[in-house]
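Fold and contact review
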Amino acid sequence: MLLAVGTLRHSDYDRLLLGSPLRRRGACIAIGAVLLVMLGLATLVHLGLLASMRPDVAAVFYRALFLSSLLATVPLAILWFLDRRERESPWLFAAALFWGACIATGLSLPFNTAFSRIVDAWVARNPVIEQVLGPDAASLLAAPRSSRS
């Protein structure tokens, strides 16, 4: 049945939300468990990476982390300004930033490393590529793909 705009009652909206998987306890627990496992894996990857860094490299990393966090405040402020009519929770903004800063980068690191090794092996089997691109041929070929992950 087609309803005119503005004729939906509050009880009609409630029925639209009943299909959310987070309303079911089992699905909510499963999704939460998967997200916690992903957070744990990302944390282990980051801690392993930080533990293997030389002190001078770690200093550059922490400086870059601080500066990139400062730069992230600009788009965050723009989103906060644009969202002034229907404010989202600050926790939602924090979760989105946390996902991009920690979990997404932590989960992409093993895939990027594997891809770089595949490219290294391919360049080693094709010496013409190294003659054309130079000694950093593997890095030149792997870097554009790895940066998109």
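For the structure, check the block above.
Residues numbered from 1 in each chain as written. Predicted model: local features only at pLDDT ≥ 70, side-chain atom pairs only at ≥ 80, totals over all residues. Heavy atoms only, no water.

1. Structural notes on the nonpolar core
Test applied: As used here, the term nonpolar core means buried Ala, Val, Leu, Ile, Met, Phe, Trp, Tyr and Cys residues forming a set that is joined through side-chain atoms within 4.5 Å. Accessible area is worked out with a 1.4 Å probe on protein chains only. A residue is then buried under 20% of its type maximum, exposed over 50%, and partly exposed in between. When checking whether two residues touch, look at their non-hydrogen atoms; a contact exists if any pair is within 4.5 Å.
Among the nonpolar cores identified, the biggest contains five residues, and these are Val119, Val123, Ala137, Ala138 and Ala142. Setting aside residues no more than four positions away along its own chain, alanine 137 makes contact with Val123, Ile129 and Glu130.

2. Brief notes about the side chain of serine 108
Which entries qualify depends on this criterion: Runs of H or I in DSSP of at least four residues are treated as helices and runs of E of at least two as strands, each being numbered from the N terminus. Polar contacts, as used here, are pairs of N or O atoms within 3.5 Å; protein pairs need one atom able to donate a hydrogen and one able to accept it. Residues neighboring in sequence count only if both atoms are side-chain atoms.
Along the chain, serine 108 turns up in helix α4 (residues 90-125). Note on serine 108: relative accessible area 14%, which makes it buried. A distance of 3.1 Å separates a polar side-chain atom of serine 108 from the backbone oxygen of threonine 105.

3. Topic: the pattern of salt bridges
Condition: Each reported salt bridge corresponds to a side-chain nitrogen of Lys or Arg within 4 Å of a carboxyl oxygen of Asp or Glu.
Summed over the entire model, instances satisfying the criterion amount to one salt bridge. For arginine 54, the salt bridge goes to aspartate 56, with nearest N and O atoms at 3.2 Å. Given a relative accessible area of 52%, arginine 54 falls into the exposed group.

4. Digging into the packing of helix α3 (residues 55-82) against α4
Keep this limit in mind: An axis is simply a line fitted to the C-alpha atoms; with a helix, the fit covers only the stretch in contact. Between two such axes, the angle follows the N-to-C directions and lies from 0 to 180 degrees. With the far helix as reference, a near helix turned anticlockwise by less than a right angle produces a left-handed crossing, and one turned clockwise produces a right-handed crossing.
Close contact between α3 and α4 brings their axes to 12 Å; oriented N to C, the two are set at 145 degrees. For the element pair α3 and α4, the recorded crossing hand is right-handed. Between α3, through Leu76, Leu79 and Trp80, and α4, the contact on the second element is made entirely by Pro90, Phe93 and Leu97.

5. Considerations on the packing of aromatic side chains
The line we're drawing: Stacked, tilted and edge-to-face pairs are distinguished by plane angle, under 30 degrees for stacked and over 60 for edge-to-face with tilted covering the rest, among Phe, Tyr and Trp rings (Trp via its six-membered ring) whose centres lie within 6.5 Å.
The tally for this structure, following the rule as stated, stands at one aromatic pair. For the ring pair phenylalanine 61 and tyrosine 62, a centre distance of 5.5 Å and an interplane angle of 65 degrees mean the geometry is edge-to-face. On the basis of relative accessibility, which here comes to 28%, the residue phenylalanine 61 falls in the partly exposed class. Exposure remark for tyrosine 62: the relative accessible area of 44% places this residue in the partly exposed category.

6. Focus on α4
Note the following rule: Multiply 1.5 Å by the residue count of a helix minus one, and that product is the helix's expected span. The bend at a residue is defined as the angle formed between two axes, one fitted to the seven residues ending at that residue and one fitted to the seven starting there.
Compared with an ideal rise of 1.5 Å per residue, which puts 36 residues at 52 Å, α4 spans 51 Å between its outermost C-alpha atoms and is within 8% of the ideal. Its maximal kink placed at tryptophan 99, α4 deviates by approximately 40 degrees. Within α4 the residues assigned to the buried category are Phe93, Ile103, Gly106, Ser108, Asn112, Val119 and Val123.

By themselves, these are just geometric observations and shouldn't be taken as functional.
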